[in-house]
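Chains, contacts and geometry: an overview
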2 protein chains.
Amino acid sequence: MKNLISLVDKKLDEYMPITYPEDIFKAMKYTLMLPGKRLRPVMCLETARMLGCDIEKAMPAACAIEMLHVQSLIHDDLPCMDNDDFRRGKPSNHKVFGEANAVLAGDALLTFAPQLIIEKSKDLSEPTVLKLVHEFTKWGGAYALIAGQVVDIESEGGKYVKSPEETLDFIHMNKTAALFRLAIRSGAIVAGAEEDELENLDEFAGKFGLLFQIYDDIMDEISSFEELGKTVGKDKNSGKLTYVSLYGLEEAKNKFHSLIQECYDIIGKYNSKIFTEILNKLRDRILGV
Amino acid sequence: MKNLISLVDKKLDEYMPITYPEDIFKAMKYTLMLPGKRLRPVMCLETARMLGCDIEKAMPAACAIEMLHVQSLIHDDLPCMDNDDFRRGKPSNHKVFGEANAVLAGDALLTFAPQLIIEKSKDLSEPTVLKLVHEFTKWGGAYALIAGQVVDIESEGGKYVKSPEETLDFIHMNKTAALFRLAIRSGAIVAGAEEDELENLDEFAGKFGLLFQIYDDIMDEISSFEELGKTVGKDKNSGKLTYVSLYGLEEAKNKFHSLIQECYDIIGKYNSKIFTEILNKLRDRILGV
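Structural notes, computed from the coordinates. (Residues numbered from 1 in each chain as written. Chains lettered and ligands numbered in written order. Predicted model: local features only at pLDDT ≥ 70, side-chain atom pairs only at ≥ 80, totals over all residues. Heavy atoms only, no water.)

Side note on the relation of the copies chain B and chain A
- Overlaying chain B with chain A gives an RMSD of 0.0 Å, the required rotation being 180° about an axis along which the chain moves by 0.0 Å. Overall, the copies show the geometry of a two-fold rotation axis. No C-alpha of chain B lies nearer the rotation axis than that of Leu-130 of chain B, which sits 2.9 Å from it.
- Mapped onto chain A, 100% of the interface residues of chain B again fall at the interface, so both copies present the same surface. (Least-squares fit on C-alpha atoms with pLDDT ≥ 70 in both. Contact = heavy atoms within 4.5 Å.)

Some points on unusual backbone geometry
- Cis geometry is adopted by the peptide bond preceding Pro-21 of chain A, which originates at Tyr-20 of chain A and carries an omega value of -5°.
- Inspection of the secondary structure puts Pro-21 of chain A in the loop between α1 (2-15) and α2 (22-32).
- Unusually for a residue other than glycine, Arg-88 of chain A sits at a positive phi of about 50°.
- For Arg-88 of chain A, the location among the structural elements is in the loop between β1 (86-87) and β2 (90-91).
- With a phi close to 50°, Asn-83 of chain B is a non-glycine residue in the positive phi region.
- On the secondary structure map, Asn-83 of chain B appears in the loop between α4 (55-76) and β1 (86-87).
- A residue is classified by how much of its surface remains accessible, and Asn-83 of chain B, at 42% relative accessible area, is partly exposed. (Helix = DSSP H or I, 4+ residues; strand = E, 2+ residues; numbered from the N terminus. Buried < 20%, exposed > 50% of the residue type's maximum accessible area, 1.4 Å probe, protein only.)

A closer look at the interface of chain B and chain A
- Contacts between the two partners involve 49 residues from chain B, matched on the other side by 49 residues from chain A.
- Interface of chain B and chain A: buried area, both sides summed, is about 4400 Å²; carbon and sulfur atoms make up 73% of it.
- On the chain B side of the contact with chain A, Tyr-20, Leu-130 and Tyr-143 of chain B bury the most area, a combined 16% of that side's loss.
- Where chain B packs against chain A, one counts 0 salt bridges.
- Applying the counting criterion to the chain B and chain A interface returns 6 residue pairs in polar contact (both at pLDDT 80 or more).
- Contributions of two or more residues to the side of chain B that touches chain A are made by α2 (22-32), α4, α6 (99-120), α7 (126-140) and α8 (145-156) of chain B.
- No other element matches α6 of chain B, which puts 14 residues into the side of chain B that touches chain A.
- Looking at side-chain class alone, the side of chain B that touches chain A contains 29 nonpolar, 11 polar and 9 charged residues. (Buried area = accessible area lost by both parts, 1.4 Å probe. Salt bridge = Lys/Arg side-chain N within 4 Å of Asp/Glu carboxyl O. Polar contact = N/O pair within 3.5 Å; in protein donor to acceptor, adjacent residues only side chain to side chain. Nonpolar A, V, L, I, M, F, W, Y, C, P; charged D, E, K, R; others polar.)

Some details on the packing of aromatic side chains
- For the coordinates displayed, the defined rule picks out 22 aromatic pairs over all chains.
- Ring centres of Phe-170 of chain A and Tyr-20 of chain B lie 4.8 Å apart, and the angle between their planes is 75°; on these two criteria the pair is classed as edge-to-face. Within this pair, whereas Phe-170 of chain A is found in helix α9 (residues 164-190), its partner Tyr-20 of chain B is found in the loop between α1 (2-15) and α2, the two belonging to separate chains.
- Relative to Phe-212 of chain A, the ring of Phe-208 of chain A has its centre 6.1 Å away and its plane inclined at 25°; by these criteria the two rings are stacked. Placement of both Phe-208 of chain A and Phe-212 of chain A in helix α10 (residues 195-222) is noted, with a separation of 4 residues, approximately one turn of the helix.
- Owing to a relative accessible area of 0%, Phe-208 of chain A belongs among the buried residues under this scheme.
- Ring pairs connect the aromatic residues Phe-180, Phe-204, Phe-208, Phe-212, Tyr-215 and Phe-275 of chain A, which therefore count as one cluster.
- Over the ring of Tyr-20 of chain B we find Lys-162 of chain A, and its NZ or CZ is 4.1 Å from the ring centre. (Phe/Tyr/Trp six-rings, centres within 6.5 Å; stacked < 30°, edge-to-face > 60°. Lys NZ or Arg CZ within 6 Å of the ring centre and 35° of its normal.)

This is the structure:
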C-alpha cells in the first residue's frame, strides 16, 4: 500500500511540470501534492494488477482520477460552497492562491486529467484510451459527481425533490461512489476485463463508495481536527443530511458493518492484499469508535 | 450565417435534456441558450463544410466548443473573477442560480462537452474522435485558455513576468485565440484535412483570434451597454492591459486593419461566404468608429 502511494505521488509530480504561467500550475499542484491516502488511484492500479495487467499501463488513468478528485475538493472548499479553510491539514487552495486562482486551478485540472490519459497512455490502443476518457467524463460530470454535489448542497438548504432517504442515497452514490466506480472500472478497462467481470467489480465499487461515505459521516461526527486534517462537526452544525443525522450513529454503524461484509465477499475471490488492507483499516477505525 | 446559428441553437438545446437534478442542467443551459453569435461553432462547421464535409459530422465538436466557451464566461463572471452581473444582456449565471451552482455548472460543462463529442460523433472513427477530444483538452486548459485567463487576471494586478507587450500577446493568443483555433482545427480534423491544410487554417485562426480580441478591446472602449449586453468601460476603469490601453485607440485600429487584411488573404482561396461575412461585419463596425 505504502509503495503504491509513493509511486502515485512520484507520478503525479512528474506528470505535471511547472511551466509559464507558473501560478496556475503551482495552484493545481499545491492541493494535488498534499499528502493523502490516494485511495482512488491505488484502487485503480490494484484492480489492473489483480486482473493480470502491468500497473504502469493504468498509471495515467489512476493519476487523472486523483486530479478529478482534487479538483472537486478545491471547488468544494470555496467560500461559496463548503467554505472550508483547511484541507488535508493545510490551508485550502483559495486561502493560499486566492479564490480566482482556485476556481481556475480546478477548471485546469478538469481538462489536464483527460489530456494526461490521452498523452501518456502509450501502451494502450486508441479505442481503450477513448473508453477511459469516456468513463472519466461520465462519472466526473453532471450525471454523477456533480449531480451528487448539487443535491448535497440543496439538501443543506432543506430542499428535497425526493424523500430524505432517497436523496441521501443519491448523494452517496454520486458524490462519493462515482469516483470509486470510475477508479475501479478504469483499472478493469485497462486490463481488458470482460463485461461481466467489469460489472462485478463495479458492484463492489458502488458498495465501497457507500461504505466509505458512511465511514466519513461517522468520522465527521466523532473525530478531531488533528485526525481528519479538516474542519470537523460541520455536517452536524450545518444540519446537513448525512447517514448519521438521518439514521443515528448506531444504525449508521450497523449499516457500515453489513456493507463491509458484502465488500469482503465480492472482493475475496481476488485475494487482493491491498483491498483487504483498505477494508481492514476502515473496519478497525469504526470498531474503535 | 443565420441558418447556421439557429441550427447550432437547436442542437445545443437537443444535446442537453434537463434531467434530475434539474437545477444543475437549468444552470448549464441558462447561459448556454442565451442568444449569441455562436461564432466558434459556426466557424467549426464552416471549416468542415468548405473542406467538403457534411456539417452534421462536425456538430458535436462545434457544440462542445460553444459549451467550453460558455463555461469560461460563467466562471469569468463570478464575483471572485471579473464580478460581472450581466452577460449577453441578461443577469449572469451566479446572479440567477447562486455562486455555488455557477461554479458547478461551469465544471459540469467542462466534462459534458467532451462526453458529447464521444457519444454523438457516430459517423467518425474512434481515432478521429480521440483526436477531437485531445484538441479540446489541449486548448481548453492550463496550456492555453486558462493560461490566458490567469495571466489576464495577474496583469490587472499590475503583475508582469514578461514585458507588457509580450504579456498582452500571450493573453490574446491564449485567452481568445485558443478557442478559435480549437474550433477551426476541429472542423478541419472532422473533414480529414491534411497536415499542411490544418496548419494553414490554424494560422488563420490564430490571426482571427488576435483580430477579434483587438476588436473587443476597441468595442469595450467605445460601445454602450445596449450594444454589447455586458458592462462596458470595465477594462479602462480597472486599469486592465488591453490593446487600446497599451497602444492607444489609433494604433489599435491600425493593427486591426492590417490583421484583417491578412485574414482575408488566407481565407480568400476557400471562397467561404460565412468567413467573408464574419470578417466584413467586424470591419464595418470598426470603420464606423
